Amino acid sequence: MFRSFFLNRKWMLWSILGTALILFATWYRVQLDVKINEWFGTFYDLVQNALSKPGSITLDSYWEQLSTFISIAMVYVTVAVLLDFFIKHYVFRWRQAMNDYYMQYWPKLRVIEGAAQRVQEDTMRFARIMEGLGVELMRSLMTLAAFLPILWALSDKITAIPILGSIPHSLVWVSIGWALFGTILLAFTGILLPGLEFQNQRVEAAYRKELVYGEDDPSRAAPPVAASLFQHVRRNYFRLFFHYLYFDVVKWSYLQVSVLVPLIAIGPTVAAGVITLGVMQQISRAFDKVTESFQYLVLSWSTIVELISVYKRLRAFEARIHEVDAAPPDDGLVPLNP
């Protein structure tokens, strides 16, 4: 899954330079988001002055602020679109590297049950998941690196938070604590899901394989056999539906409560009137960015479950590759232990 792309001379330009380009573009995109966060503070302070002191600002200054946002947003959109376009090509090359590697062994692997599904469907799903999950992980880490210092500095403006009282840099600790609580809660709630997803792919593969055989052999895929195999599919899906039911209840309840957490934390400070509307907007947005970064596992848990099931199947498939051919052909891979 990884050596075929990152340690293959054929794909060095894509895997090394492509990764570097994605990292740089993602960091630049995060910096634009920081600029937008600063704009929120300036703009809402302007609005507060306009509403509390009529005539204190001019219409030109109002339009100027909107023009500033548009200029930043246009660059942000351009970078985001081009980055996503490049990532799609990058991840497809990764899938192609995996496909080329597996197909070298196809004459021997074709006899393995589900070999076609591993090469075609699982590599496709792995690439699709990595496109979203891997990039989002990188973006979350960079967002955290950019916004955590901002939230750290803005926390000095908070006089106290409910229950805990006055704590230095309190919003940072609240964000970390709330995200950690959600991660543990969701991990415990969804502990059965990876195994069920893995089992689901096994029963689906067995049913699909019998139907494929039935296309060429009239004796295969007889109605009683197909019905029995589909019954396994049905039973496993219903188990998945049940476990996802309570998992989703916990997940969405947690995320909805998350909206109130920063508002509760800054409640005493707002009531004391020691911050402006612009600072409040900056704090709320920075808190959301930091919390979302810490909540990466919470927000992506369902996708992570799917990735785990795909990874387990491809790892088992690769183990069979090493069994059928202890001395693989020269495929351009850089030796791990030269």
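What counts, and where the lines are drawn
Residues numbered from 1 in each chain as written. Predicted model: local features only at pLDDT ≥ 70, side-chain atom pairs only at ≥ 80, totals over all residues. Heavy atoms only, no water. 1 Å grid on protein atoms, 1.4 Å probe; cavity = no way out; pocket = protein on both sides within 12 Å on 5 of 7 lines; lining within 4 Å. Points joined across faces, edges and corners; volume = space filled by probe spheres on them. Helix = DSSP H or I, 4+ residues; strand = E, 2+ residues; numbered from the N terminus. Nonpolar A, V, L, I, M, F, W, Y, C, P; charged D, E, K, R; others polar. Patch = residues over 30% accessible without salt bridge, like charges linked within 9 Å, V, L, I, M, F, W, Y side chains within 5 Å. Areas by Shrake-Rupley, 256 points an atom, 1.4 Å probe, with all protein chains shown as cover. Salt bridge = Lys/Arg side-chain N within 4 Å of Asp/Glu carboxyl O. Buried < 20%, exposed > 50% of the residue type's maximum accessible area, 1.4 Å probe, protein only. Contact = heavy atoms within 4.5 Å. Expected span 1.5 Å × (residues − 1). Bend = angle between axes of the 7 residues up to and from the residue. Polar contact = N/O pair within 3.5 Å; in protein donor to acceptor, adjacent residues only side chain to side chain. Domains from an automatic or database assignment. Buried area = accessible area lost by both parts, 1.4 Å probe. Core = buried A, V, L, I, M, F, W, Y, C linked by side-chain atoms within 4.5 Å.

Novice: Any chance you could explain the layout of surface pockets here in plain terms?
Specialist: To locate leftover empty space, one rolls a probe as large as a water molecule over the atoms. Here the second largest pocket defines a volume of roughly 320 Å³. Considering the residues around the second largest pocket, the lining is formed by 18 residues, among which W94, M130, G134, V135 and M138 are closest to the centre. Of all elements in the fold, only α2 (12-52), α3 (59-103), α5 (115-154) and α12 (301-324) reach the threshold of two or more residues within the lining of the second largest pocket. By residue class, the composition of the lining of the second largest pocket is 15 nonpolar, two polar and one charged.

Novice: So what exactly am I meant to see when it comes to a nonpolar patch on the surface here?
Specialist: Together, W152, I163, L164, I167, W173 and I176 make up a nonpolar patch on the protein surface, roughly 640 Å² of accessible area in all. Following the sequence through the fold, W152 ends up in helix α5. On the basis of relative accessibility, which here comes to 37%, the residue W152 falls in the partly exposed class.

Novice: What should I look at first to understand the side chain of T143 in this one?
Specialist: Examined against the element boundaries, T143 turns out to sit in helix α5. Leave out the neighbours within four places in its chain, and T143 touches V30, L148, K289 and S293.

Novice: Teacher, can you tell me more about α2 here?
Specialist: Residue pairs spaced three or four apart in an α-helix point in one direction, given the helix's 3.6 residues per turn. With 41 residues, α2 should cover 60 Å at 1.5 Å per step; its first-to-last C-alpha distance of 60 Å lies within 8% of that length. A bend of about 25° at G18 is the largest found in α2.

Novice: Would you mind showing me how to read the environment of Y244 here?
Specialist: Examined against the element boundaries, Y244 turns out to sit in helix α8 (residues 223-265). Here the alpha-carbon distance between Y244 and L59, two residues 185 residues apart in the chain, equals 52 Å. Filtering out sequence-adjacent residues up to four positions away, Y244 remains in contact with L193, E197, S302 and V305.

Novice: Teacher, can you tell me more about the side chain of E204 here?
Specialist: By secondary structure assignment, the location of E204 is in helix α7 (residues 193-216). At 2.8 Å, the side chain of E204 and the side chain of Y237 are in polar contact. Not counting residues within four places of it along the chain, the set of residues in contact with E204 comprises V233 and Y237.

Novice: Teacher, can you tell me more about the environment of G165 here?
Specialist: With respect to the element layout, G165 can be found in the loop between α5 and α6 (170-189). Residue class for G165 comes out partly exposed when judged on its relative accessible area of 22%. Along the backbone, G165 and W106 are 59 residues apart, and their C-alpha atoms lie at a distance of 65 Å.

Novice: Any chance you could explain the domain arrangement of the protein here in plain terms?
Specialist: Size of an interface, as often reported, equals the accessible area lost when the parts are brought together. Domain boundaries in the protein define domain 1 (1-157 + 300-322) and domain 2 (160-274). Taking only C-alpha atoms into account, the centre of domain 1 sits 21 Å from that of domain 2. With both chains or domains summed, domain 1 and domain 2 bury close to 1800 Å², and 64% of this area falls on carbon and sulfur atoms. In this assembly, domain 1 and domain 2 are joined by zero salt bridges.

Novice: Would you take a moment to explain the nonpolar core for this structure?
Specialist: General note: in soluble globular proteins, nonpolar side chains tend to be found buried as a group. Within the largest apolar cluster, 67 residues are counted, with the highest numbers of intra-cluster contacts made by Y102, F126, L171 and I283. A per-element tally of this core places α5 first, with 15 residues. Taken domain by domain, the makeup of this core includes at least three residues from each of domain 1 (1-157 + 300-322) and domain 2 (160-274). Grouped together as the second largest cluster of nonpolar side chains are eight residues, L32, F40, F43 and V47 included.

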